[in-house]
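# An overview of the molecular structure
The chain contents come next:
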Amino acid sequence: MTDSRLGLTVTHRRYVPYSHAHYAGNLVDGAYALALFGDVATEVCIRTDGDEGLFAGYSDVRFSAPIRAGDVVEVTARVSRVGSRSRTLELSCAVVCRGRPDRSESAAEVLDPPIVAVTATGTVVVPAAS
């Protein structure tokens, strides 16, 4: 019998405001993506268990491309394992739109294909059923 929660996927999109730029070139720090992973994981826990849950940890975090202020990112969590109180999530953060200040101050473009900026595996825990 397969658990119906396996494969559940939740996706959020967010514009990265310029107020979040942390480094030269309008770069955003890597912790920005991890915070977004926490948001999407919360929705997964609500959908699977009716509780916000808590992050227990990350493994295999990879920062493979920059996230910049002015980007639109898509953050996805997919349930890959269901334990009695834990859920393993495959997480990704992809840049789907990017500002183009080289063209004009407000120019931007849709990226096709998107650029995968951060991936991770995360473990969340939910309370035991009462």
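Please read these numbers as outputs of a predicted model, since none were measured by experiment.

## Considering the pairing of strand S4 (residues 86-99)
Along S4, 11 of the 14 residues are buried, which leaves the element largely enclosed by surrounding structure. Two strands pair when backbone bridges link them, and strand S3 (residues 72-82) and S4 are joined in this way by 10 bridges, in the antiparallel orientation. Opposite Val82, over in S4, you have Arg87 as the bridge partner. Here S3 folds back onto S4, and the loop between the two strands holds three residues.

## Comments concerning the sheet that holds strand S2 (residues 54-63)
Here we have five strands laid out as an open sheet, ordered S1-S3-S4-S5-S2, and antiparallel in their pairing. Only two strands of the sheet have a single neighbouring strand rather than two, namely strand S1 (9-15) and S2. Taking the axes of each pair of neighbouring strands and ignoring which way they run, one obtains an average angle of 25° across the sheet. Pairing geometry for S2 and strand S5 (residues 108-125), over seven bridges, is antiparallel. Bridge pairing in S5 links Tyr58 to Gly122. Against the sheet, helix H1 (residues 31-49) contacts S1, S2, S3, S4 and S5, and its axis sits at roughly 140° relative to S1.

## Let's talk about the packing of aromatic side chains
Enumeration over the complete set of coordinates arrives at two aromatic pairs. Ring centres of Phe37 and Tyr58 lie 6.5 Å apart, and the angle between their planes is 45°; on these two criteria the pair is classed as tilted. One end of the pair, Phe37, is in helix H1; the other, Tyr58, is in strand S2, and 21 residues separate them in sequence. For Phe37, a relative accessible area of 0% puts it in the buried group. Members of the aromatic cluster, joined through ring pairs, are Phe37, Phe55 and Tyr58.

## Focus on the pattern of salt bridges
Taken as a whole and assessed by the stated rule, the structure comprises 11 salt bridges. With a shortest N-O distance of 3.4 Å, Asp39 and Arg14 are connected by a salt bridge. On the criterion of sequence distance, the pair formed by Asp39 in helix H1 and Arg14 in strand S1 is long-range, its members being 25 residues apart. Taking the shortest distance from any N to any O, the salt bridge between Arg103 and Glu109 comes out at 3.4 Å. The exposure class assigned to Arg103 is exposed, which follows from its relative accessible area of 53%. Each of Asp3, Arg5, Asp49 and Arg87 takes part in one network of salt bridges that share partners.

Definitions and cut-offs
- Residues numbered from 1 in each chain as written.
- Predicted model: local features only at pLDDT ≥ 70, side-chain atom pairs only at ≥ 80, totals over all residues.
- Heavy atoms only, no water.
- Buried < 20%, exposed > 50% of the residue type's maximum accessible area, 1.4 Å probe, protein only.
- Helix = DSSP H or I, 4+ residues; strand = E, 2+ residues; numbered from the N terminus.
- Pairing = 2+ DSSP bridges.
- Axes fitted to C-alpha atoms, helices over the stretch in contact; angles between N-to-C directions.
- Contact = heavy atoms within 4.5 Å.
- Phe/Tyr/Trp six-rings, centres within 6.5 Å; stacked < 30°, edge-to-face > 60°.
- Salt bridge = Lys/Arg side-chain N within 4 Å of Asp/Glu carboxyl O.

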